[in-house]
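Inside the fold
Listed below are the residues making up each chain.
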Amino acid sequence: MTVDFEFRKQVMDYHIGSDLIKYCFQCSRCADNCPVTNVTTDFYTTTGYNPRSNILNALLGYKDAIFSADALTIWGCTVCDTCNEVCPQNIELTEIFTLLKNQSVANGNAPDFIYSQARAIFDSAKAIPTQPAIERRREQLGLPPVAEPDVSEFRTLLKNIGADKKLK
Amino acid sequence: MTEYKMFEGCTIGNRIPFIEAASRKVFDKVGIETSQTNFSCCPDPTGMKSFDNDAWLAIGARNLCLAEAEGKDIISLCNGCTNTLRGVQHQLKHNSWKKDKINKELAKIGKEYKGSIDIKHFVDVLSDNLDKVKGAITKPLNGLKVAVHPGCHYMRPAEWMESDDPMRPTTLKKLVEASGATVVDYGEEILCCGSAVTNAYEEHGFANLKIKMDAIKKSGADVIAVNCPACYQQFDTRQRDLGKAYETEYDTPAMYITELYALAMGFTPDDIGLKFHRIRLTSTLEKLGL
């Protein structure tokens with residue numbers, strides 16, 4: 001297993017305002033409380049989604065163990081933030097998992113719905129664009145029309161950041 | 001009372017607007033004033049944040065700029081939007097390098113993020129006005145058994161969500177009790193609805209949802225009270241498929257806390273478009289004599 005020092009540094013730098021992640025002692029409270037670990041692994045298996053292994057591999061710079069494995073390794077996370085709350089070392093695990101997901105997206109390996117939602121947001125500045133049938137329903141319910149965002153300003157912002165290049 | 005900028009969010013505004021209708025009616029009764037502005041997607045803390053954290057920050061900060069320009073706090077109808085806007089605020093507050101980077105981009109579109117406003121989840125605003133809520137209730141929902149599901153992003157992470165407790169929240173419970181309904185404990189209150197993982201891995205999402213739904217069924221609840229459109233949709237649209245996958249019947253309706261309140265405040269099911277729910281509310285409404 002190769003250690004990717006650049007990746008290791010990115011992980012260390014990502015944790016807001018602290019180096020807490022270094023103090024993970026693999027107690028497994030994250031995995032014990034993870035709802036996805038609960039339905040994808042049992043005591044005797046090493047497959048499935050495991051937040052504890054992700055933190056260990058990220059911390060050691062074992063990039064391949066994360067990015068060359070089944071996509072479930074990264075995308076099994078349902079972002080419930082339970083691991084953050086139960087971690088005795090106050091590690092913000094979900095933030096580290098955001099970094100892993102961002103890199104998976106850039107590599108083109110994320111699940112389709114991530115790209116399709118980003119595409120909808122880029123095109124209309126809304127994850128769910130306005131539809132005539134829903135506009136009529138709003139009117140029937142006595143609701144004002146949705147205030148439409150400035151799509152061209154919104155797209156300029158995203159293009160300047162370079163997020164459009166990650167779209168599929 | 002202060003006027004808030006309404007952040008209904010993409011899902012409620014453009015897919016399930018009947019929830020906005022019930023919420024606005026309840027806000028009127030309680031005296032919570034709102035006005036609109038042209039917000040974009042928040043954007044989604046499970047989707048867009050996973051796509052690109054910096055893009056998520058920039059879009060969120062731009063939305064905050066729109067509210068800052070009017071000097072008004074935001075009231076959000078959605079756990080995800082609240083979590084994003086508060087999370088963006090948290091990252092920019094604790095990372096000056098990122099704040100400078102985002103502000104450099106915002107300057108190009110004539111904006112500057114200052115961090116001068118607050119973002120409130122509507123559940124907390126209702127809870128702060130509980131006396132007025134109780135005063136507006138004319139038809140208490142006596143006899144209705146309710147399972148509460150506050151949803152992960154309402155209370156976690158505690159670093160930037162300020163609910164009463166990230167693992168044992170009580171606010172939604174208290175709001176339901178104020179309606180006259182009875183809260184039933186089912187033991188899986190804080191379990192995630194699994195919306196995000198179901199989008200990527202349906203079988204794992206369903207295995208998780210089954211744990212949640214089995215506990216709710218066992219508790220004998222008539223309805224699941226929610227305060228998040230993603231959780232609402234997970235319960236309202238995926239129970240039928242869950243039933244097919246496991247050859248069991250799952251049909252407990254989910255209702256927004258503001259839908260329950262609207263009924264308790266005298267509005268009719270038609271006033272708030274309850275017919276647009278996928279899971280029929282017939283037996284729930286019969287129980288309430290509506």
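Residues numbered from 1 in each chain as written. Chains lettered and ligands numbered in written order. Predicted model: local features only at pLDDT ≥ 70, side-chain atom pairs only at ≥ 80, totals over all residues.

Between chain A and chain B, the contact holds 56 residues from the first and 55 residues from the second. Elements that contribute at least two residues to the side of chain A that touches chain B include exactly α3 (35–40), α6 (72–75), α7 (82–86), α8 (93–106), α9 (112–124), α10 (132–140) and α11 (151–161) of chain A. Considering each element in turn, the side of chain A that touches chain B owes the most residues, 7 residues, to α11(A). (Contact = placed C-beta atoms within 7 Å. Helix = DSSP H or I, 4+ residues; strand = E, 2+ residues; numbered from the N terminus.)

Turning our eyes to something else, we now look at the environment of Tyr250(B). Tracing the sequence through the fold places Tyr250(B) in the loop between α13 (229–246) and β8 (254–256). Filtering out sequence-adjacent residues up to four positions away, Tyr250(B) remains in contact with Met213(B), Gln239(B), Leu242(B) and Gly243(B).

The end-to-end C-alpha separation of α9(A) is 18 Å, in line with the 18 Å expected for 13 residues at 1.5 Å each. Within α9(A) the residues assigned to the buried category are Ile114(A), Gln117(A), Ala118(A), Ile121(A), Phe122(A) and Ser124(A). Against the buried residues of α9(A) lie α8 and α11 of chain A together with α3 (48–51) of chain B. Once α9(A) finishes, Ala125(A) follows within two positions and takes phi at roughly 65°, a positive value. (Expected span 1.5 Å × (residues − 1). Buried ≥ 20, exposed ≤ 12 C-beta atoms within 10 Å, placed from the backbone.)

This paragraph deals with the nonpolar core. Within the largest apolar cluster, 134 residues are counted, with the highest numbers of intra-cluster contacts made by Val146(B), Val176(B), Ile224(B), Ala225(B), Val226(B), Ile257(B) and Leu260(B). If near-sequence neighbours (up to four positions away) are discounted, Val176(B) is found in contact with Val146(B), Val148(B), Ala181(B), Val183(B), Ala225(B), Ile257(B) and Leu260(B). (Core = buried A, V, L, I, M, F, W, Y, C linked by C-beta atoms within 7 Å.)

Residues and elements named next belong to chain B. Structurally, chain B comprises domain 1 (3–122) and domain 2 (139–287). On a C-alpha basis, the centroid separation for the pair domain 1 and domain 2 is 24 Å. Where the side of domain 1 that touches domain 2 is concerned, the elements lending two or more residues are α1 (9–14), α2 (17–30) and α5 (79–94). Taken together, the residues that form the side of domain 1 that touches domain 2 break down as 9 nonpolar, 10 polar and 3 charged. (Domains from an automatic or database assignment. Nonpolar A, V, L, I, M, F, W, Y, C, P; charged D, E, K, R; others polar.)

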